[in-house]
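Overview (structure and organization)
Here are the chains, one letter per residue:
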Amino acid sequence: MDSRDCRQPPGLLRPVIDRNRCEGKGDCVEVCPYGVFSVGTLPTDRRKELNLFGKLRGYAHGWQQAFTPNADVCRGCGHCVKACPERAITLVRHGHNGRHDASIAAD
């Protein structure tokens, strides 16, 4: 994907990952021109937050999920949203998402 499609200033929009949908396939990692994403194992304490479907999906995929350790450099191009086969990524204006996963370390 071309970074010229990313016209927003860094940090204005941030990707938020729906933990009940993400299967950690890594398509977001591959298409992001700014290295916003990584894939890792969802920590055990975060698994309690999932609904039944999310827990089944997580178990089936080895608890692999996408994380956003570099969310502050996101330029809002939406390549990740389009690439995610589970439609687990939403871009939200920074400060309006309630919580994001930038602080979660992917081991």
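Residues numbered from 1 in each chain as written. Predicted model: local features only at pLDDT ≥ 70, side-chain atom pairs only at ≥ 80, totals over all residues. Heavy atoms only, no water.

On the secondary structure map, Val 36 appears in the loop between helix H1 (27-31) and strand S2 (38-41). Residues within four places of Val 36 in sequence aside, it is in contact with Pro 15, Phe 67, Thr 68, Pro 69, Asn 70, Ala 71, Val 73 and Cys 74. (Helix = DSSP H or I, 4+ residues; strand = E, 2+ residues; numbered from the N terminus. Contact = heavy atoms within 4.5 Å.)

Our next topic: the pattern of salt bridges. For the structure on display, the rule yields 4 salt bridges. For Arg 57, the salt bridge identified is with Glu 23, shortest N-O distance 3.0 Å. Taken together, the residues span a long stretch of sequence, with Arg 57 in helix H3 (residues 52-60) and Glu 23 in the loop between strand S1 (13-17) and H1 at a distance of 34 residues. Like Arg 57, the residue Glu 23 is buried in the burial classification. Of the charged contacts in the structure, one is a salt bridge between Glu 86 and Lys 25, with a shortest N-O distance of 2.8 Å. (Salt bridge = Lys/Arg side-chain N within 4 Å of Asp/Glu carboxyl O. Buried < 20%, exposed > 50% of the residue type's maximum accessible area, 1.4 Å probe, protein only.)

Checked against the element boundaries, Arg 7 lands in the segment before S1. In this structure, the C-alpha to C-alpha distance between Arg 7 and Arg 75, residues 68 residues apart in sequence, is 6.3 Å.

Attention now moves to the environment of His 94. Residue position: His 94 is located in the segment after strand S4 (89-93). His 94 gets classed as partly exposed once you look at its relative accessible area, which sits at 41%. Linking His 94 and Asp 72, residues 22 residues apart in sequence, is a C-alpha distance of 9.0 Å.

Its relative accessible area of 13% is what places Glu 23 among the buried residues. A distance of 3.1 Å separates a polar atom in the side chain of Glu 23 from a polar atom in the side chain of Lys 25. A polar side-chain atom of Glu 23 sits 3.3 Å from a polar atom in the side chain of His 61. Leaving out residues up to four positions away in the same chain, Glu 23 has contacts with Arg 57, His 61, Gln 64 and Glu 86. (Polar contact = N/O pair within 3.5 Å; in protein donor to acceptor, adjacent residues only side chain to side chain.)

In regions of low pLDDT, the predicted coordinates are not meant to be interpreted in detail. For the chain, mean pLDDT is 86; residues scoring 70 or higher make up 83% of the total. The model gives residues 97-107 a pLDDT under 50, and that stretch makes 23 contacts with residues more than four places away or in other chains. (pLDDT = per-residue confidence, 0-100.)

With the exception of glycine, the majority of residues adopt a negative phi angle, and the majority of peptide bonds are in the trans configuration. Phi at Trp 63 is positive, roughly 60°, even though this residue is not glycine. Looking at the element boundaries, Trp 63 is found in the loop between H3 and strand S3 (64-67). Given the relative accessible area of 16%, Trp 63 is considered buried. Located in the positive-phi region is Arg 87, a residue other than glycine, with phi close to 55°. Its relative accessible area of 68% is what places Arg 87 among the exposed residues.

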